[in-house]
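# Coordinates in review
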Amino acid sequence: MRIHQLTPRLSNQIAAGEVIERPSSVVKELLENCIDAGATHIDIEVEQAGIKLIKVRDNASGIHKDDLALALSRHATSKISVIEDLEGISSLGFRGEALASISSVSRLKLSSSQDDSGQGWVVSVEGKDMAADISPVAHGKGTTVEMRDLFFNTPARRKFLRAEKTEFTHIDESVKRLALSHFDIAFTLRHNQRMVFNLKAATTKLEKERRLAAICGNDFIQNVFAIDLQQGGMRLSGWIGDPTYSKSQAIHQYFYVNGRMVRDKVVTHAVKQAYQDVLYQSRHPVYILYLELDPQAVDVNVHPTKHEVRFRESRQVHDLIFRGLYRAIADLRPAELPGTPVSETRPEESEINSMEASQVLLGLGDVKPVLNDPSRKIGYESAWLAPLMSVSEQQRSYALLRSAVPNENTPTSPGQESSSEQNEMPPLGYALAQLQGIYILAQNKEGLVIVDMHAAHERISYERLKKSYQTQGIVSQPLLVPITLSLSQKEIGAVEEHQGVFVSLGLKIDILGSELVVIRDVPALLRDSNIELLLRDILADLLTHGSSTRTEELINELLATMACRSAVRANRHLSLMEMNALLREMERTERIGQCNHGRPTWVFKTMVELDKWFLRGQ
Ligand code: ADP
Ligand code: MG
């Protein structure tokens, strides 16, 4: 067979194979075009999960009459013109192939007007040659794309479509993803003439939270924390979930790079690391994160659907996410909100009598019991306990956190104590009793606190062990019999390049030949572990992520086991003093919300919730 040029339609259909996988891909591409054109209101109408009809209308700039036909042809775009533009993409689209692809596998009508005259122009394509006829139409300012009969001319593709319900779920998800990154745009979505959602433009914090709740659910918004960090010209903001509010599947995980939702290995890895040892078993954290950085520092032209990106400095991105989230999670304490400058509000250790008492309990300090008399009411961190706000359905303790946001009338500057007596109650309150040898019951100003004493103590011991380990550094010790092992050249390269890293991890490795190394020193704590496996894991990390936290992870695992063994067992009787000491210690401990295995350490029931149980005041 001789070589011949493919028809435009066929080459568009081939491109459509990559870009248009299913109806939701059409929705995504059309919405991205509206957003790029500056829409503030977008209406989406779908029939039969988008297979019969997808209609998207916006109020953006519109398309010039003479450009209408061009918009439908391949490699036609208004978003870039020279190669340099590719290095700093700020629009969602730029490849100029979405409309061409869609119109090659469906019947497409594009109507648009650039002014408020009510007059516009429409083109439609359907024929084999993809020729577009243009004619006048009544249309307000903006653009409407109407796509019918998806894959009508590519029956093979049609066979890959799933049940209507599944396809609609994908559409729903596509709209949500964009709605979560463009709060200033109003979206409506109708399916088979039924309104699925109607999202108003959101600018204030409250409006944004309302949209979050509409998209991810009410319980979501009550269990996430806002974060906002900057480092090295990058900004990371958004919401991350309380570790206890984890999911059995990786849902509600959204990551945006300059407004574009992406899936990225570096990001997933960094988030996972940040949640290490606070997540229960194989649960997944929820998050909505926005990374903003110089467009030059990220390549978005990696994949036709643009779901993937390439970071120029992936290590810095990893570092920002990992450290930022790790810190934020560590700071989720009863008395504080994430992002609150911890050191400023924390009293000196010597000021707290309960500290010593708790050391008796924990068996970690000098034995010198000091009675922590609740009537003395330590005023510490009292400023955080502002009057009760709207606490309603929250299952977990963070209602307390939210209500603890200082209101305008409450003095909040560090060290400034409120004179009001009732304000001076520690966040976890004072112990009332021990229940069945397992739980501590305590009351604070707003209700009932229930603590799993073993879980809480385990976390306290674990964080202490980690801290003392960190201050002493990694002590390494020579192996009696050095381990020789052969590695690939790539791995040897990594050993050479990251010598400093290995030294800081307590590993001394000499390169013997082009494919041979010998391990001479190892971290003392890990001397009985499988060092060869450890080294191979570290190298795999270094080669894929540019950094590794394997040694720390292994050491943390060991410390966690030690902490678990040393923590108070069930059925051990605690005095009120000891219980109060534990509560105070909890308030000071990082990651206290979960034990080392990710189980919650305490829960909180407000008086409002308790009253509900008893139908009080209803
Ligand atoms: P790309 O978005 O990659 O440029 P598309 O095929 O999606 O390619 O769109 C082609 C062009 O049509 C866009 O560059 C834009 O100029 C124009 N266009 C498409 N949709 C709209 C819209 N809703 N409003 C204004 N212009 C649009
Ligand atoms: Mg586009």
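## Re the overall build of the chain
Within the chain, the regular secondary structure consists of 20 helices and 22 strands. For the chain, the proportion of its 618 residues judged to be buried stands at 51%. For the chain, contacts bridging at least 24 residues in sequence account for 70% of all contacts bridging at least 6. Summing over all exposed atoms, the chain offers an accessible surface of approximately 29700 Å²; the carbon and sulfur share of this is 51%.

## Side note on the packing of helix H15 (residues 489–497) against helix H17 (residues 531–545)
In the contact formed by H15 and H17, the axes pass within 10 Å of each other and the chain directions differ by 85 degrees. Here H17 runs roughly perpendicular to H15, going by the angle between their axes. Contacts between H15 and H17 involve Lys 490, Glu 491, Ala 494 and Val 495 from the former and Arg 536, Leu 539 and Leu 543 from the latter.

## A short note on the side chain of Asn 444
Along the chain, Asn 444 turns up in strand S17 (residues 439–444). Relative accessible area serves as the criterion here: at 5%, Asn 444 is assigned to the buried category. Within the local environment of Asn 444, its side chain forms a polar contact with the backbone oxygen of Pro 427, the two atoms lying 2.8 Å apart. Only 2.9 Å separates the side chain of Asn 444 from the backbone nitrogen of Glu 446, close enough to count as a polar contact.

## Side note on the nonpolar core
If you look at the biggest cluster of nonpolar residues, it comprises 62 residues, and the most contacted ones within it are Ile 42, Ile 44, Val 175, Leu 180 and Ile 288. Two domains each donate at least three residues to this core, and these are domain 1 (8–199) and domain 2 (223–332). Excluding residues that lie within four positions of it along the chain, Ile 288 makes contacts with Leu 180, Leu 212, Cys 216, Phe 220, Ser 237, Gly 238, Trp 239, Tyr 254 and Tyr 256. If you look at the next biggest cluster of nonpolar residues, it comprises 33 residues, including Ile 89, Leu 291, Leu 325 and Ile 329.

## A look at the site of ligand 1
Around ligand 1, a shell composed of 19 residues is seen, among which Asp 58, Thr 77, Ser 78, Lys 79 and Gly 96 lie nearest. Contact distances for ligand 1 include 2.7 Å between an oxygen atom and a side-chain N or O atom of Lys 79. Arg 95 places a polar main-chain atom, nitrogen or oxygen, 3.1 Å from an oxygen atom of ligand 1. In the complex, 92% of the free accessible area of ligand 1, which totals 530 Å², lies under the protein chains. Elements supplying a minimum of two residues to the shell around ligand 1: helix H2 (23–36) and helix H4 (98–104). Taken together, the residues that form the shell around ligand 1 break down as eight nonpolar, seven polar and four charged.

## Some words on the environment of Ile 171
Among the secondary structure elements, Ile 171 is positioned in helix H6 (residues 164–181). Owing to a relative accessible area of 0%, Ile 171 belongs among the buried residues under this scheme. For the pair Ile 171 and Ala 49, spaced 122 residues apart in sequence, the C-alpha to C-alpha distance is 7.6 Å. The contact partners of Ile 171, leaving out residues within four places of it in the chain, are Pro 23, Ser 24, Val 27, Val 46, Ala 49, Gly 50 and Leu 189.

## Section: the packing of aromatic side chains
Summed over all chains, the structure comprises five aromatic pairs. Each ring, one from Trp 239 and one from Tyr 290, has its centre 6.4 Å from the other, and the planes form 75 degrees; the classification is edge-to-face. Pair noted here: Trp 239 is in strand S10 (residues 234–241) and Tyr 290 is in strand S13 (residues 287–292), with a separation of 51 residues, a long-range link. For Trp 239, a relative accessible area of 12% puts it in the buried group. Seen from their ring centres, Tyr 256 and Tyr 290 are 5.2 Å apart, and the 15 degrees between their planes marks the pair as stacked. Note that Tyr 256 is positioned in strand S11 (residues 253–257) and Tyr 290 in strand S13, a separation of 34 residues in sequence. Judged by relative accessible area, Tyr 290 falls into the buried class, the value being 12%. Taken together, Phe 183, Trp 239, Tyr 256 and Tyr 290 form an aromatic cluster joined through their ring pairs.

## A few points about the sheet that holds strand S16 (residues 430–435)
Two modes of strand pairing occur in sheets, parallel and antiparallel, and in both the strands are linked by backbone hydrogen bonds. The strand order S16-S17-S18-S22 describes an open sheet built from four strands, whose pairing is antiparallel. Strand pairing shows two members of the sheet lacking a second neighbour, S16 and strand S22 (602–606), which therefore form its edges. Mean inter-strand twist for the sheet, computed between neighbouring axes without regard to direction, equals 20 degrees. Strand direction decides the pairing type here: strand S18 (residues 447–452) and S22, joined by five bridges, are antiparallel. Looking at the pairing, Gly 447 lines up with Thr 606 of S22. Together, S16, S17 and S18 form the strand contacts of helix H14 (residues 453–472), whose direction differs from that of S18 by roughly 70 degrees. Helix H19 (residues 576–588) rests against S16, S17, S18 and S22 of the sheet, and its axis sits at about 115 degrees to S16.

## Some thoughts on the pairing of S16
Judged from the five bridges that link them, S16 and S17 form a sheet pairing that is antiparallel. Each residue of the ladder has a partner; that of Ala 431, found in S17, is Ala 442. Counting the residues between successive antiparallel strands, the hairpin from S16 to S17 contains three residues, one of them, Gln 436, with a positive phi of roughly 50 degrees.

## What to know about the confidence of the model for the chain
Summing up the model confidence of the chain, the mean pLDDT is 82 and the portion of residues at 70 or higher is 85%. The model gives residues 336–422 a pLDDT under 50, and that stretch makes 161 contacts with residues more than four places away or in other chains.

## Re the state of the cysteines
By definition, a disulfide is the covalent link that joins the sulfur atoms of two cysteine residues. As enumerated under the stated definition, the model contains zero disulfides in all. For the unlinked cysteine Cys 564, the closest cysteine sulfur is that of Cys 595, found at 7.8 Å.

## Some details on the sheet that holds S11
Strands sit in the order S9-S10-S13-S11-S12 across an open sheet of five strands; the sheet is mixed. Of all the strands in the sheet, just strand S9 (224–231) and strand S12 (260–261) have a single pairing partner and so form its edges. By the bridge criterion, two bridges tie S11 to S12 in an arrangement that is antiparallel. Pairing of Tyr 256 across the sheet is with Met 261, part of S12. In the packing of H6 onto the sheet, contacts are made with S11, S12 and S13, and the angle to S11 comes to roughly 55 degrees. Against the sheet, helix H10 (residues 314–330) contacts S9, S10, S11 and S13, and its axis sits at roughly 40 degrees relative to S10.

What counts, and at which threshold
Residues numbered from 1 in each chain as written. Chains lettered and ligands numbered in written order. Predicted model: local features only at pLDDT ≥ 70, side-chain atom pairs only at ≥ 80, totals over all residues. Heavy atoms only, no water. Helix = DSSP H or I, 4+ residues; strand = E, 2+ residues; numbered from the N terminus. Buried < 20%, exposed > 50% of the residue type's maximum accessible area, 1.4 Å probe, protein only. Contact = heavy atoms within 4.5 Å. Areas by Shrake-Rupley, 256 points an atom, 1.4 Å probe, with all protein chains shown as cover. Axes fitted to C-alpha atoms, helices over the stretch in contact; angles between N-to-C directions. Parallel < 35°, antiparallel > 145°, perpendicular 65-115°, else oblique. Polar contact = N/O pair within 3.5 Å; in protein donor to acceptor, adjacent residues only side chain to side chain. Core = buried A, V, L, I, M, F, W, Y, C linked by side-chain atoms within 4.5 Å. Domains from an automatic or database assignment. Near = heavy atom within 4 Å. Nonpolar A, V, L, I, M, F, W, Y, C, P; charged D, E, K, R; others polar. Phe/Tyr/Trp six-rings, centres within 6.5 Å; stacked < 30°, edge-to-face > 60°. Pairing = 2+ DSSP bridges. pLDDT = per-residue confidence, 0-100. Disulfide = S-S within 2.5 Å.

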